[in-house]
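# Structural characterization, general
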Amino acid sequence: MGKYNVTIGLEMHCEVSKTASKVFSNAKNEYTDIANSNISPYDMGFPGVLPVVNKEAVRMSLMMGEILNCHPPKYMYFERKNYYYPDMPKNYQITQNPPEECAGMGGYIDIEREDGSTFRVDIDNIHLEEDSARMTHLYDTSIIDYNRAAVPLLELVTGPCLHSAEDAVAFLEYIRAIYQYCGISEADSKKGQVRCDVNISISEDDTLGTKVEMKNVNSFSGVHDAIVYEVKRQSELKDAGRYDEVEQETRRWDEETGTTIRMRSKVDAIDYKYFVEPNIPKFKITEEWLEKIRKSIPELPYERKAKYMTNYSLSAYDAGILIKDINIASYFENCINLGCDPKIVANWITGNILGYVYKNDIEIQNLFVTPERLTIILSSMAKGDISSKQAKELFSMVLEREEEPKEIMKKEGMQQISDDTTITSVIIEVLDENKEQITDYKNGKTNMFDYFVGQVMKKTRGQANPVKVKEILTNELANR
Amino acid sequence: MKYMNLSITEIHEKLKNGEVTSEELISESLELTHIVQEKCNAFVTIFDDAKKENDTDSLLSGIPYGIKDNYSTKGALTTGSSNTLRDYIPFFDATAVSKLSSLGAIPVNKTAMDEFGLGGTGTTGATGVQRNPWDLTRMCAGSSSGSAAAVAAGVYPYALGSDTGDSIRKPAAFCGIVGYKPTYGMISRYGLFPFASSLDHCGVLTRYVRDAAIVVDAIKGIDEADMTSWDSSHIHLNDDLNADVSGKKLFYIKELCDLANYQNATEELKAHLNNFHETLKICKNLGMQVDEVSIDPKLIRAIPSVYQVISCAEATSNLSNLTGLIFGPRGEGDNYLEMMKDHRTKGFSPLIKRRLVIGSYVLQTQNQERYFKNAQRARRLIVDAIKEQFKKYDAMVSPVSTGPAKLLDGSVDMLNEDTLALEDQLQIGNFGGFPSITIPNGFINDLPVGINITGECFEDQKVLNIAYALESSMDYKGQIAPLIGGDK
């Protein structure tokens, strides 16, 4: 990334979406487009409300701490972060305040790159807090949806240890996968469940340059682009001998223009006046509970990746793609359980299926071609009922028409002709019609062979088994 | 007065034997409410249409009572005596209120208070000053000023109060009644407008110790809406009330109670401390041991500032939900910040604004260590010093305030450096979350004064038993203020 050393630290906020209720109130924790429908008096800060800690959210936060090799807290407690903003109706947020004790402190995690190399990311801390309400800023007015207020939020803070946009994204993608695998969060950026703050500095040597913070980057591609943009901006200033213009400040990543815009300088930093939340008594985190949590950690993405490589002989690259999203991995495993060949399914998923999913911006779990339907297509192909070309066509038709594969195969007369007699009779027909071409072939124009195959395919509307066609055609030509 | 001057058990008996109906009690209580409103300005809201909702076996069923205006009451104006909540009608009940409702108790009014409980005089509420029913030229003390005035004047046998520094126990003394704040967390704070959460307690003002036991029995209990509440289902304050206290050991703090500490003592203070020591003799006559104990004077002197720092800091944060955006009168302005500023500038009294500035100051990063964190450390030291005594003693006794109710016209300076700690010492009960009760123990210049009994956490029964025994040995039990004097 250019001639300067780039240092990146990330703050990844992920909403916990898998608890029944919110972190400090009993309102439902469920994403919905109907504004202000999942709210309790607490979420709107009515006088006299009190926070009640959701134990399940605490359990999840401790589990993440364990996965990230953090020190667990001896006691769990919360702090108030005081600031006035309309998205925070109490005008304070209940959070944790590292380096004071929080869900997890001082850990690390190793990340695998696509090329198989690995790098280690230092985890400064992971802490549990409540989310704010969602604000939408319109031209001359802003609207507030309190559904999101008091939804549990895990904030993960890395050390300044990343050095490229690619590594930053690889790390974020892996953490997102962990959240999904552990049943903590859907971690869906489209629902605003994952938001990142990115800290960047550049330097010519080992010292750290001036840190610039970019707030509320709402997608991983945004993180990538924001890093690239900000490194370029800072590098250009440094090249021009104007590095002193890089100020310790907070900037906002603007998705639309692809630029970062100054929000506030370090000197304008807000004094949050933290103090321990008095309404939540400190509670002891016992070793027994931690042990139970450790034992309940499910298979993690890299463990699954290794399993795919060993058990199914998949390449690191393919296995890496499959495990990135638990829904993709589940789709893959469902297909295998239905009897599909792992390698063929893996190829289909990484090729046709993800191609379609990404292009159309849909979720694999919502794809009309479910593992069951895909299994029908692939088994028809395996049995030789349809050709691989037909299988691809069928896949597209199923998606397009949203009909069952069997129905389409029937309607379209889509079946492979593998019967020797039928194929032979078509070949004889073709050869009889192309006597001159046979002579050419016999005289050494071997590429006429493909011409004959093409004619057979044309007459059978592509349904003839190409292997059989070649086999019989070779015999028939020899007999002429 | 026919019935409202009686105790809860007496009224309950008369309801049961058909001598009186709940409707008659309500109308008597409302009639008295209007008289006391006229004389003392004790109420924010009067429920003229109050009626019996449900009949239960509870001792409280069918009996009127008052609710301090910082308890959230569903469907009824609840202002905390602040203009920031001028028209606020909550849609949920505080746990204490809903418990009383389910037992058939009947609220007849919401009592006035110092704005949000920040104030100890009963003079800072949005509806004006509460006057003491014993002498209308004097204050009730606060912040449960309306509740104290109403109970003292015999409007009903009890009213809910809240206590962050001494907000139940001092007005009780000034109004000649009983004020009880149980152990922290015994009564759920859900629905109580917060002042300083780590110091806030729910409690009750009554004219009899037994009545205090009955009401707290009814409203205590673990509440899943308040994480600081605890299970007290094994405690039955009324059933176990026992006047046999012989062998109990009491202590009082020399640095507070010895007249020799006050070189410029007023006649009132002298009389008050003498009266306190007279009451200690009664304690001894009841078979109790009373010892004088010395506590590090540095800790005693620190009490008022520790309280000021911690309570203001927490209040600054607790009251920051008052923006006029979601509830409360909308401020004027071109954007939310201006609207919020306008709302708060117009809504808060000068006293609150001063305290919020202090709170904000002591919480600032550069000041926090010096003020807020040190105040928390000092709080811990004070509590530890008292807890050390509770290992040897059953309870601490102390005189409440420096004498009887102060004049409203301010002709007597309240802030005397010498007596500041004595004035504020009941805050120890809030620092430690200790059960603490004030009962009347005499008169000075025809005005009531009180004595306080404070015990170790969870030992509410012991504290009430001592108060009950003492109350029975003095002549001030169940007394009603004459509602005389004053220019109004």
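Note: the structure precedes this text.
Residues numbered from 1 in each chain as written. Chains lettered and ligands numbered in written order. Predicted model: local features only at pLDDT ≥ 70, side-chain atom pairs only at ≥ 80, totals over all residues. Heavy atoms only, no water.

The helix and strand inventory of chain B stands at 15 helices and 13 strands. A compact globule built from 488 residues should have a C-alpha radius of gyration of about 23 Å, and chain B, at 21 Å, falls within 12% of that. Considering only C-alpha atoms, chain B reaches an extent of 65 × 65 × 50 Å along its principal axes. Among the 488 residues that make up chain B, the fraction classed as buried is 65%. Residue pairs at least 24 apart in sequence account for 76% of intrachain contacts in chain B once pairs closer than 6 positions are excluded. Summing over all exposed atoms, chain B offers an accessible surface of approximately 17,400 Å²; the carbon and sulfur share of this is 49%. A gap of 4 Å separates the mean positions of the 47 positive and 61 negative side-chain charges of chain B. (Helix = DSSP H or I, 4+ residues; strand = E, 2+ residues; numbered from the N terminus. Rg over C-alpha atoms; globule rule 2.2 N^0.38 Å. Buried < 20%, exposed > 50% of the residue type's maximum accessible area, 1.4 Å probe, protein only. Contact = heavy atoms within 4.5 Å. Areas by Shrake-Rupley, 256 points an atom, 1.4 Å probe, with all protein chains shown as cover. Lys, Arg positive; Asp, Glu negative; His and termini not counted. Charge placed at Lys NZ, Arg CZ, Asp CG, Glu CD.)

This next bit is on helix α4 (residues 287–295) of chain A. All names here are of chain A. All buried positions along α4 are accounted for by Trp289, Leu290 and Ile293. Buried residues of α4, viewed axially, fall in a sector of 100 degrees; they line one side. Those residues of α4 that are exposed and aimed more than 90 degrees away from the buried face are Glu288, Lys292 and Lys295. (Arc of directions from axis to C-beta.)

Let us now look at empty space enclosed by the protein. Taken as a whole, this structure holds four cavities of 30 Å³ or more when the rule is applied. For the largest cavity, the lining is made up of 15 residues, of which Val49(A), Tyr92(A), Pro194(B), Asn318(B) and Asn321(B) are closest to its centre. The residue inventory of the lining of the largest cavity, partitioned by class, reads seven nonpolar, six polar and two charged. In this structure, the second largest cavity spans a volume of roughly 50 Å³. Along the walls of the second largest cavity sit 13 residues, with Asn70(B), Ser162(B), Thr164(B), Phe195(B) and Asp200(B) positioned nearest its centre. A class-by-class count of the residues in the lining of the second largest cavity yields four nonpolar, six polar and three charged. (1 Å grid on protein atoms, 1.4 Å probe; cavity = no way out; pocket = protein on both sides within 12 Å on 5 of 7 lines; lining within 4 Å. Points joined across faces, edges and corners; volume = space filled by probe spheres on them. Nonpolar A, V, L, I, M, F, W, Y, C, P; charged D, E, K, R; others polar.)

This brings us to the environment of Asp124(A). Residues and elements named next belong to chain A. Here Asp124 is to be found in strand β6 (residues 118–130). For the pair Asp124 and Gly104, spaced 20 residues apart in sequence, the C-alpha to C-alpha distance is 8.5 Å. Residues contacting Asp124, with those up to four places away along its chain left out, are Met105, Gly106, Val157, Thr158 and Gly159. A polar side-chain atom of Asp124 sits 2.8 Å from a polar atom in the side chain of Asn125. (Polar contact = N/O pair within 3.5 Å; in protein donor to acceptor, adjacent residues only side chain to side chain.)

As a further point, take the layout of surface pockets. In this model, the second largest pocket occupies a volume close to 820 Å³. What lines the second largest pocket is a set of 26 residues, among which Pro278(A), Ser198(B), Arg379(B), Arg380(B) and Phe431(B) lie closest to the centre. Only β14 (275–276) of chain A together with α12 (365–390) and α14 (427–432) of chain B provide two or more residues apiece to the lining of the second largest pocket. Top contributing element to the lining of the second largest pocket by residue count: α12(B), with eight residues. Broken down by class, the residue content of the lining of the second largest pocket amounts to 11 nonpolar, seven polar and eight charged.

Looking now at the interface of chain A and chain B. The partner chain B presents 37 residues to the 29 residues of chain A that form the contact. In total, chain A and chain B occlude about 2,700 Å² of area from one another, counting both sides; carbon and sulfur atoms represent 63% of this. Across the chain A-chain B interface, the total number found is zero salt bridges. The tally of links between chain A and chain B comes to 13 residue pairs in polar contact (both at pLDDT 80 or more). Of the residues in the side of chain A that touches chain B, the class split is 20 nonpolar, five polar and four charged. (Buried area = accessible area lost by both parts, 1.4 Å probe. Salt bridge = Lys/Arg side-chain N within 4 Å of Asp/Glu carboxyl O.)

A separate point is the packing of aromatic side chains. For the structure on display, the rule yields 31 aromatic pairs over all chains. Between Tyr308(A) and Phe332(A), the aromatic rings sit 4.8 Å apart at their centres with planes inclined by 65 degrees, giving edge-to-face as the arrangement. Here Tyr308(A), found in helix α5 (residues 301–312), pairs with Phe332(A), found in helix α7 (residues 326–337); they are 24 residues apart in sequence, far enough to count as distant. For the pair Tyr308(A) and Phe332(A), a shared accessibility class is recorded, and that class is buried. Among the aromatic side chains, those forming a connected cluster through ring pairs are Phe46(A), Tyr88(B), Phe91(B), Phe92(B), Phe116(B), Tyr190(B), Phe193(B) and Phe327(B). Directly above the aromatic system of Tyr108(A) lies the positively charged group of Arg120(A), at a separation of 3.9 Å from the ring centroid. (Phe/Tyr/Trp six-rings, centres within 6.5 Å; stacked < 30°, edge-to-face > 60°. Lys NZ or Arg CZ within 6 Å of the ring centre and 35° of its normal.)

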